Every structure is written in structure tokens, then in C-alpha cells.
Amino acid sequence: MRAAVAVDQNAEDPLSGLALQELPDPEAKPGWTRVRVRAASLNPHDVWTLRGVGHPAERIPMVLGCDGAGVTDAGDEVVIHPVLGDPNRGGGDVTLDPRRALLSETVNGSLADFVLVPTECVVPKPAWLSFEEAATLGIVWGTAYRMLFTRARLRAGDRVLVQGGSGGVGSAAISLARAAGAKVYATARTEAKRAFASECGAHEVLESGARLPERVDVVVDTVGEATWAHSLRSLVPGGAIVTCGATSGNMPPAELNRVFYQQLSVIGSTGSTRTEFEALLRLLEASGVRPHLDSVVALDDVRSGFQKLIDGDVRGKVVVRT
Ligand SMILES: NC(=O)c1ccc[n+]([C@@H]2O[C@H](COP(=O)([O-])OP(=O)(O)OC[C@H]3O[C@@H](n4cnc5c(N)ncnc54)[C@H](OP(=O)(O)O)[C@@H]3O)[C@@H](O)[C@H]2O)c1
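Residues numbered from 1 in each chain as written. Predicted model: local features only at pLDDT ≥ 70, side-chain atom pairs only at ≥ 80, totals over all residues. Heavy atoms only, no water.

## A few points about helix 3 (residues 137-151)
1) Next: Between the first and last C-alpha of helix 3 there are merely 18 Å, a value that for 15 residues lags more than 12% behind the 21 Å anticipated at 1.5 Å per step.
2) Next: Counting buried residues along helix 3, 13 of its 15 residues qualify, which places the element largely inside the surrounding structure.
3) Next: Just past helix 3, the residue Arg153 takes up positive phi, approximately 50°. (Helix = DSSP H or I, 4+ residues; strand = E, 2+ residues; numbered from the N terminus. Expected span 1.5 Å × (residues − 1). Buried < 20%, exposed > 50% of the residue type's maximum accessible area, 1.4 Å probe, protein only.)

## Side note on the domain arrangement of the chain
1) Next: Here the chain is described as being made up of domain 1 (2-136 + 291-321) and domain 2 (141-268).
2) Next: Just the C-alpha atoms count here: the centres of domain 1 and domain 2 sit 26 Å apart.
3) Next: If you look at the interface, domain 1 gives 12 residues, while domain 2 gives 12 residues.
4) Next: Across the interface of domain 1 and domain 2, roughly 890 Å² is buried in total on both sides, 56% from carbon and sulfur atoms.
5) Next: Its largest share of buried area at the contact with domain 2, domain 1 owes to His292, Arg315 and Gly316, together 52% of the area lost on that side.
6) Next: Applying the counting criterion to the domain 1 and domain 2 interface returns 1 salt bridge.
7) Next: Between Asp93 and Arg146 there is a salt bridge, with the nearest N and O atoms lying 3.0 Å from each other. (Domains from an automatic or database assignment. Contact = heavy atoms within 4.5 Å. Buried area = accessible area lost by both parts, 1.4 Å probe. Salt bridge = Lys/Arg side-chain N within 4 Å of Asp/Glu carboxyl O.)

## Focus on the sheet that holds strand 2 (residues 18-22)
1) Next: Reading across from one edge, 2-1-4 is the order of the 3 strands in this open sheet, with antiparallel pairing throughout. In the strand order of this sheet, the two ends are held by strand 2 and strand 4 (62-63), each with one partner. (Pairing = 2+ DSSP bridges.)

## A few points about the layout of surface pockets
1) Next: The space that makes up the largest pocket amounts to roughly 1,600 Å³.
2) Next: Going through the elements one at a time, helix 1 (44-51), helix 3, helix 4 (168-179), strand 12 (183-188), helix 9 (302-311) and strand 18 (317-321) are the ones with two or more residues in the lining of the largest pocket.
3) Next: No other element matches the 6 residues that helix 1 contributes to the lining of the largest pocket.
4) Next: Two domains each donate at least three residues to the lining of the largest pocket, and these are domain 1 (2-136 + 291-321) and domain 2 (141-268). (1 Å grid on protein atoms, 1.4 Å probe; cavity = no way out; pocket = protein on both sides within 12 Å on 5 of 7 lines; lining within 4 Å. Points joined across faces, edges and corners; volume = space filled by probe spheres on them.)

## Topic: the packing of aromatic side chains
1) Next: Applying the stated rule across the entire model yields 1 aromatic pair.
2) Next: A cation sits over an aromatic face here: Lys29 above Trp32, 4.5 Å from the ring centre.
3) Next: Stacked on the ring of Phe114, the Lys or Arg Arg34 has its end atom at 4.8 Å from the ring centre. (Phe/Tyr/Trp six-rings, centres within 6.5 Å; stacked < 30°, edge-to-face > 60°. Lys NZ or Arg CZ within 6 Å of the ring centre and 35° of its normal.)

## Focus on the sheet that holds strand 16 (residues 265-268)
Sheets are built from strands paired through backbone hydrogen bonds, the pairs being either parallel or antiparallel.
1) Next: The 6 strands are arranged 13-12-11-14-15-16 in an open sheet whose pairing can be described as parallel. Looking at the sheet topology across the chains shown, the edges are occupied by strand 13 (204-207) and strand 16. Pairs of neighbouring strands in the sheet enclose a mean axial angle of 20°, with direction left out of account.
2) Next: Strand contacts of helix 5 (residues 191-199): strand 12 and strand 13, with the helix running at about 160° to strand 13, the strand carrying the most contacts. (Axes fitted to C-alpha atoms, helices over the stretch in contact; angles between N-to-C directions.)

## Some details on the site of the ligand
1) Next: Residues in close proximity to the ligand total 25 residues, the closest being Ser166, Gly168, Val169, Arg189 and Cys244.
2) Next: Take Gly164: an N or O atom from its main chain is 3.2 Å from an oxygen atom of the ligand.
3) Next: One of the side-chain nitrogen or oxygen atoms of Thr247 is found 3.0 Å away from an oxygen atom of the ligand.
4) Next: For the ligand, the accessible surface in isolation is 910 Å², of which the surrounding protein chains cover 85%.
5) Next: If you map the ligand onto the pockets, it falls in the largest pocket.
6) Next: Among the elements that make up the shell around the ligand, the one with the highest residue count is helix 3 (3 residues).
7) Next: For the shell around the ligand, the residue count by class is 10 nonpolar, 13 polar and 2 charged. (Near = heavy atom within 4 Å. Polar contact = N/O pair within 3.5 Å; in protein donor to acceptor, adjacent residues only side chain to side chain. Areas by Shrake-Rupley, 256 points an atom, 1.4 Å probe, with all protein chains shown as cover. Sits in = over half its atoms within 2 Å of the grid points. Nonpolar A, V, L, I, M, F, W, Y, C, P; charged D, E, K, R; others polar.)

## A short note on the packing of helix 3 against helix 4
1) Next: The interhelical angle for the contact between helix 3 and helix 4, taken along N-to-C directions, is 55°, at an axis separation of 8 Å. By the criterion of interaxial angle, the relationship of helix 3 to helix 4 is oblique. Judged by the sense of rotation from one axis to the other, the crossing of helix 3 with helix 4 is right-handed. Contacts between helix 3 and helix 4 involve Val140, Trp141, Ala144, Tyr145, Met147, Leu148 and Phe149 from the first element and Gly168, Val169, Ala172, Ala173, Ser175, Leu176 and Ala177 from the second.
2) Next: Classifying every residue of the contact of helix 3 with helix 4 gives 12 nonpolar, 2 polar and no charged. (Parallel < 35°, antiparallel > 145°, perpendicular 65-115°, else oblique. Left-handed = near helix turned anticlockwise from the far one by under 90°.)

See below:
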């Protein structure tokens, strides 16, 4: 099979370690399901792996790709829930399993003609989602769902600010918060990206760092250092920031005086459980919200897709068709 493989890690030049290779097809084994991948999508996670961030060198080479949708050997159309682990070790929550991993961290990922996944990670693909749409859901949509509804406990009528509203998690969070009846504000750094955040459902989109017309109950922040101070200042007393990433850096000033005096909550979130992922699918069906595809590239052109992601030239998701 063809596969996009991380063969090396380089912090400055991540694509120097990316190779398109011919590998043997994975063999089916008990407890695992082999999926003929029809579409996969790109995530910053793949780029972190290529940069050597959070992925130990001894786990190279590794087939990249956390997200995917395809057809099992039995002929079932499926979407992959990419969080691997044991819910029992996490008190019933797989994301809290200390040994949990995402697809492509400990086993080969989905940027290939075939991927082998634990059978519990295979979820029936609804007919109303294309393979390309379904391939965007596992990481950013699942993560945005958990951030909003499980971790920040968003309620209808809450005010939400989404920082980096054109990104994968950001654009999903906008659409999900809007579908759940929230008043949604977003920020983005360019006019085109602000227009996109609007199309995703934001009621009002501002430049990064701009003062909001009102304070919000919840901030979704995946940007980190560049937006953190603004996020803290945008909250009502008692409000919450929920974070799943730190694209611009992970060491902003803590501003503890603001946190305790305004009684703010800083909430971490990672991935989603299968239960949350299935609830996400129901929310998409009920609301009519659909994933935002920036572009679709062939597996043979995966390098150009990664270049787009690295350049920050993406609105929503880059999908790879295999
Ligand atoms: N913990 C988890 O489970 C989990 C899951 C998914 C993602 N993540 C992490 O979350 C982060 C976002 O992921 P993603 O897939 O949404 O990435 P993405 O699609 O690349 O989006 C990144 C967003 O960050 C914004 N941004 C970057 N630098 C910025 C800066 N200096 N100032 C303001 N905005 C900035 C961009 O805004 P502009 O559009 O305005 O340039 C873009 O909208 C990544 O670090 C990723 O690794 C974690």
C-alpha cells in the first residue's frame, strides 16, 4: 500500500522527514479492524510529529494521519474515532487513560491505503456524510464537542468566544456552539478568515485581540500565548477558558490575580470519548451542520496539503483522498 510516513524529525524543516512509501498491507488480527481508507485529513498533530514535538524519535518511522473514513474488509462504511486506550484505566473515560494515544502515535496512522484500528475505534459512517466530510471529524470536531459540552458545560444562551475561528478546532467550535444555541463571537487574523468564521456560524467576528461588545461565559482557545491575555480579559466573572492546544506557544503569563479575583476557570481538554463522538454525529444530523473542507488533495500530493497547513493557509480542513 501507499503511505505517508514520518521517516525523520526536523523542528525547522518538518517536511524533510515526510516520505511517500510503498509498505506491505497491514494484516487483520483479532480485536482490530482493517479499513480501506477512502479519505483522511491533515492535522497540526502530524506536523508536530514531523517536527519531533511530543513524538519520541524511537517511534519513527510511523505512518502519519489521525483521522479517516473508509470501508472495512466486511464492506461496512466507517469513520474512525482516533483515541486508542482503555476506558477502565481512565475511570470510564478513554481520554483520561494515562496510556491513551491518538492514531499515529503508537500504531500506524490513516494516511495510507489501509489502516488497522482497534475495533472499538470503528464507528458506522452515516450515509448523509461523504467520506471526505467524515474524515475531518475524529480529531477537531470530536475535540471541539468535548471542549464545549463536556468540559465547559456550554448551555443554550451562553456567550462564547472562539479564538482562531478559521482553524480546524475553531471553525468546528463555532458551528457546534451556534447549533447549541449560544451567542458566538470569534477572532481571526485576516479578512478572508473572518468571512469564513462568519460562514461557519459566528454572530460577530473580530480581529485578533479586539475588544468584544460584551464579555463571554466561555472562551475556546487553541492559540495559546498570542491570545491568552485577551481570552482572560474577555470573560465574565466566573467564566471559563477551555484549551486543547497552544499553536503560538504554551507559556503565556498565568495572571493569577485575574484568575482568582474574577473566579475564572482554566479547563484543559483532549480528544473525545466514543460516546461523545457518537453524540457529535447526532448533533450534526439534527442541526444540519457539516464539516468545513478547505481543499481535497490526492495521497500522492500529500506534501502540498501539509505545506498549506504549515503556511497557515487553511480554512477548515485539508482532506486527503486515497
Ligand atoms: N488536545 C487535543 O486533543 C487537540 C485536538 C485538536 C487540535 N489540538 C491542537 O490545537 C491547535 C489547533 O488545532 P487546529 O487543528 O485547529 O489547527 P489549525 O487548523 O492550524 O488552526 C490554528 C488556528 O490558530 C490560529 N493562530 C495561529 N497562530 C496564531 C497567532 N499568533 N495569533 C492568532 N491566531 C493564531 C490560526 O488563526 P488565523 O486563521 O487567524 O491565522 C488558526 O485559526 C493545534 O496546536 C493542535 O495541535 C489539540
